[in-house]
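# Overview (structure and organization)
Given next are the chains, with one letter for each unit.
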Amino acid sequence: MRTIFIINPVAGNGKAMKKWMKFKETIEFPFELAVSQYSGHATELVRELQHSPEPVLVIGFGGDGTLREVIAGAAGSQQVLVGSIAAGSGNDFGRGFHSFKDAVEIADFVKNPAASRKDLGEFFDGRAYQFVSSTGIGFDAEISVKVNRSRIKHWLNKIGMGKLVYLVYVIITLLRFRLFRLTVEQEGEMLHFDKVWFATVSNQPYFGGGMKISPHSVPDDGVLELTVVNCLSRLKLLLVFGTVFSGKHLRFKEVHQIKGTRFSLSADQPVYRHVDGDSAGCTPEDRSIGYSVSASDWHSVNK
Ligand SMILES: Nc1ncnc2c1ncn2[C@@H]1O[C@H](COP(=O)(O)OP(=O)(O)OP(=O)(O)O)[C@@H](O)[C@H]1O
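Residues numbered from 1 in each chain as written. Predicted model: local features only at pLDDT ≥ 70, side-chain atom pairs only at ≥ 80, totals over all residues. Heavy atoms only, no water.

## Brief notes about the nonpolar core
Grouped together as the largest cluster of nonpolar side chains are 44 residues, with contacts concentrated most on F139, L182, F198, L226 and L237. Here the element with the most residues in this core is strand β10 (residues 189-202); it accounts for 6 residues. L182 has contacts with I137, L191, H192, F193, V196, A199, V228, L265 and S266, leaving out every residue within four places of it along the chain. One finds A34, V56, V58 and V82 within the second-largest nonpolar core, a separate group that totals 20 residues. (Core = buried A, V, L, I, M, F, W, Y, C linked by side-chain atoms within 4.5 Å. Buried < 20%, exposed > 50% of the residue type's maximum accessible area, 1.4 Å probe, protein only. Helix = DSSP H or I, 4+ residues; strand = E, 2+ residues; numbered from the N terminus. Contact = heavy atoms within 4.5 Å.)

## Quick notes on the domain arrangement of the chain
We note that the domain assignment places domain 1 (2-113) and domain 2 (128-293) within the chain. Across the contact, 13 residues belong to domain 1 and 17 residues belong to domain 2. For the pair domain 1 and domain 2, the summed buried surface comes to about 1100 Å²; carbon and sulfur atoms form 60% of the total. Three residues stand out in domain 1 for area buried against domain 2, namely R68, D92 and F97, and they jointly supply 48% of the buried area on that side. Inspection of the region where domain 1 meets domain 2 yields 1 salt bridge. Close ionic contact of D278 with R68 constitutes a salt bridge, the shortest N to O distance being 3.2 Å. One can count 6 residue pairs in polar contact (both at pLDDT 80 or more) joining domain 1 with domain 2. Going through the elements one at a time, α3 (64-74) and α4 (93-96) are the ones with two or more residues in the side of domain 1 that touches domain 2. Considering every element that reaches the side of domain 1 that touches domain 2, the biggest residue donor is α3, with 6 residues. (Domains from an automatic or database assignment. Buried area = accessible area lost by both parts, 1.4 Å probe. Salt bridge = Lys/Arg side-chain N within 4 Å of Asp/Glu carboxyl O. Polar contact = N/O pair within 3.5 Å; in protein donor to acceptor, adjacent residues only side chain to side chain.)

## A word on the site of the ligand
Taken together, 21 residues lie around the ligand, and S36, T66, E69, S89 and D278 are the ones closest in. In the environment of the ligand, an oxygen atom lies 3.0 Å from a nitrogen or oxygen atom belonging to the side chain of N8. At a separation of 2.6 Å, a nitrogen atom of the ligand approaches a polar side-chain atom of S36. Taking 640 Å² as the accessible area of the ligand by itself, protein coverage stands at 79%. (Near = heavy atom within 4 Å. Areas by Shrake-Rupley, 256 points an atom, 1.4 Å probe, with all protein chains shown as cover.)

## Observations concerning the side chain of N203
Considering the arrangement of structural elements, one finds N203 in the loop between β10 and β11 (224-230). There is a polar contact of 3.0 Å between the side chain of N203 and the backbone oxygen of D119.

## Topic: helix α1 (residues 15-23)
When α1 is considered as a whole, its buried residues turn out to be A16, W20 and F23. Seen along its axis, α1 keeps its buried residues to an arc of 65 degrees; they face one direction. With respect to the buried face of α1, the exposed residues turned more than 90 degrees away are K15, K18 and K22. In this fold, the buried residues of α1 make contact with β1 (2-7), β2 (32-35), β3 (56-62), β4 (80-86) and α5 (103-111). (Arc of directions from axis to C-beta.)

## Observations concerning the sheet that holds strand β17 (residues 298-301)
Spatially, the 6 strands line up as an open sheet ordered β2-β1-β3-β4-β17-β5, and their pairing is mixed. With one partner strand each, in any of the chains shown, β2 and β5 (115-118) form the two edges of the open sheet. Going from strand to strand, the sheet's axes swing by 35 degrees on average, the running direction of each strand aside. Examined bridge by bridge, β1 and β2 share 4 bridges and lie parallel to one another. Among the inter-strand pairings, I4 is bridged to a residue of β2, identified as E32. Strands in contact with α3 are β1, β3, β4 and β17; relative to β4, the strand with the most contacts, it is inclined by about 175 degrees. (Pairing = 2+ DSSP bridges. Axes fitted to C-alpha atoms, helices over the stretch in contact; angles between N-to-C directions.)

Spelled out as structure tokens, the structure:
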């Protein structure tokens, strides 16, 4: 089995490359290496591997965005098997799927490889978007957009205080966020939610760097879970966030969860959107967007 590492040098706020330099010294088996040069490059690199004459283990060396790109390239192929080494900031992929802890574990796996089929979420808005863990609109997406655009982020990262920028934007967004009205259409039924903070479509339980937003999500059941949080005071929203690490937030009457193979969502105003924690524009004003499980699945290392 060929083993290829795909490194995203900007993952983990640039720490992924340093981690790779140390990690590669510990590898005692033949491997190939590719470095992602731009956003979307990992998908192109992995798509080419679909025609490999022998099975390939592709190890995404980065965070959730890196793994989404790798998996988008591997989707639909029996030949490409996806593994990961967590080298991002949030690393929710490794919480919901397998992440290798070291090179020895990879060497053992390659001697006796086993794969398991997983779902890939998708939606279309001008183009196709894929998500591996979750996609969402609203409060959390607005925070990640603002953090990514922030000029102080790089400066704070350099002095090891990168997390502070999140706290700053959680507070700013909490004070300024414009609640929205959400309409959900599922199997012909319409549901209306007023004063929405955020809505998340999940394929696995975790988002936002360890928050168990969708505790009952299973990534190979062909089903997605929609979580909607609405009609909460700012103070109670913070309380809900406090319980989301344990998954106990589902007890709040303001937290709604719906299972399904397809949902259409429309918001009454443009709302920031994320895919696997990366900014993905805004929701359109004039139409709804359908979220579903892609017909192309992918194969994860089975550990
Ligand atoms: N060479 C590159 N230059 C700029 N961006 C890149 C490059 N290669 C990949 N990317 C983009 O970097 C984005 C961020 O990577 P990733 O999500 O893996 O890191 P992270 O945000 O630190 O981790 P996490 O999502 O786990 O918090 C990816 O979505 C990808 O599109």
